[in-house]
Amino acid sequence: TIRGNEKGETLVALIAKNPERKYIDFAHELLAMGILGVSYASYNHRGRFRSGRSRLAGARTIKQRYGNLEITVSATSFAQPNPAAAALAYNEINEIISGGNSAWELFSGGGAIAMQIANRYRTVTAVEIDRASVERGHRDALGMGLGNIDFLFTDARKIVLPDKLDLLVVDPPRAGLNKKLRQAIIEADISEIIYLSCDVATWSRDVTHLIQGPYQLNYVKPFDFFPHTHHIEVLSQLRRK
């Protein structure tokens, strides 16, 4: 896998069945060719980085600008691959949210949305299951002086939501929100929900469930994060009835 930024800095992750030691010389050859850092992950049929990852040579991360934010990204953890389109969506989120006391973001990754909305809420909690993303997000937030963001390393699908929230942001993978989490959201006292989805079908299923409960759909806007493909990113806002 390859991750680059607008400065031309590039990271590479090698995913292979052979032992890590076999790729050390090749990693240094890539560095000599201008690659900034090389990582290794043992192949796992369940997913690219399910068996962990390690640094072979060079840098682990680079900086990527998303609108007015510059956050740390790697070749081995998820971050939105189209920074220009993602920045438009993040700015739109800031335009439509109400602000308030407390906000949570589930499936937060490195916390890009949490950082975007941090000046609108007294406390922001970002929940993510990938440890490397949590560590990067925590460092980035501290580097920006955003001391009101708390990162939780846990599975968002099993989270116990607090009794009252002004805002809940969900940005799940293509599978969307599982039934247990949807039900937890319905039962929670949440004033406003921002749902950013990369799969229209699971978004439709999840929102249908939520509006059958105490929420109403107020806003929907598509974003073309993946030009020349059939994939559409959907930004939506729900409010408690």
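Placed above this text is the structure.
Let me begin by describing the structure that accompanies this report.

Criteria and thresholds
- Residues numbered from 1 in each chain as written.
- Predicted model: local features only at pLDDT ≥ 70, side-chain atom pairs only at ≥ 80, totals over all residues.
- Heavy atoms only, no water.
- Phe/Tyr/Trp six-rings, centres within 6.5 Å; stacked < 30°, edge-to-face > 60°.
- Helix = DSSP H or I, 4+ residues; strand = E, 2+ residues; numbered from the N terminus.
- Buried < 20%, exposed > 50% of the residue type's maximum accessible area, 1.4 Å probe, protein only.
- Expected span 1.5 Å × (residues − 1).
- Contact = heavy atoms within 4.5 Å.
- 1 Å grid on protein atoms, 1.4 Å probe; cavity = no way out; pocket = protein on both sides within 12 Å on 5 of 7 lines; lining within 4 Å.
- Points joined across faces, edges and corners; volume = space filled by probe spheres on them.
- Nonpolar A, V, L, I, M, F, W, Y, C, P; charged D, E, K, R; others polar.
- Pairing = 2+ DSSP bridges.

1. Remarks on the packing of aromatic side chains
Enumeration according to the criterion identifies 4 aromatic pairs in this entry. Between Tyr 66 and Tyr 90, the ring centres sit 6.1 Å apart and the planes meet at 40°, which makes this aromatic pair tilted. In this pair, Tyr 66 is assigned in strand E5 (residues 62-66) and Tyr 90 in helix H2 (residues 83-96), connecting sequence segments 24 residues apart. In this pair, the class of Tyr 66 matches that of Tyr 90, namely buried.

2. Let's talk about H2
The end-to-end C-alpha separation of H2 is 20 Å, in line with the 20 Å expected for 14 residues at 1.5 Å each. Buried residues belonging to H2 abut strand E1 (2-4), E5, helix H3 (112-117), strand E11 (189-197), strand E12 (215-223) and strand E13 (233-240).

3. Here we look at the layout of surface pockets
By volume, the second largest pocket is sized at about 260 Å³. Forming the boundary of the second largest pocket are 14 residues, of which Arg 53, Arg 60, Thr 76, Ala 132 and Glu 135 lie nearest the centre. Of all the elements in the fold, those that place two or more residues in the lining of the second largest pocket are strand E4 (54-58) and helix H4 (131-143). Per-element tally for the lining of the second largest pocket: the top contributor is H4, with 5 residues. Taken together, the residues of the lining of the second largest pocket break down into 1 nonpolar, 6 polar and 7 charged.

4. Let's talk about the pairing of strand E2 (residues 10-16)
The buried fraction of E2 is high, at 6 of 7 residues. Looking at chain direction, E1 and E2 are connected through 3 bridges and run antiparallel. By the bridge assignment, Ile 2 is partnered in E2 with Val 12. The hairpin turn running from E1 into E2, its antiparallel successor, is 5 residues long, and Gly 8 in that turn takes a positive phi close to 90°.

The values are spatial; any link to function lies outside them.
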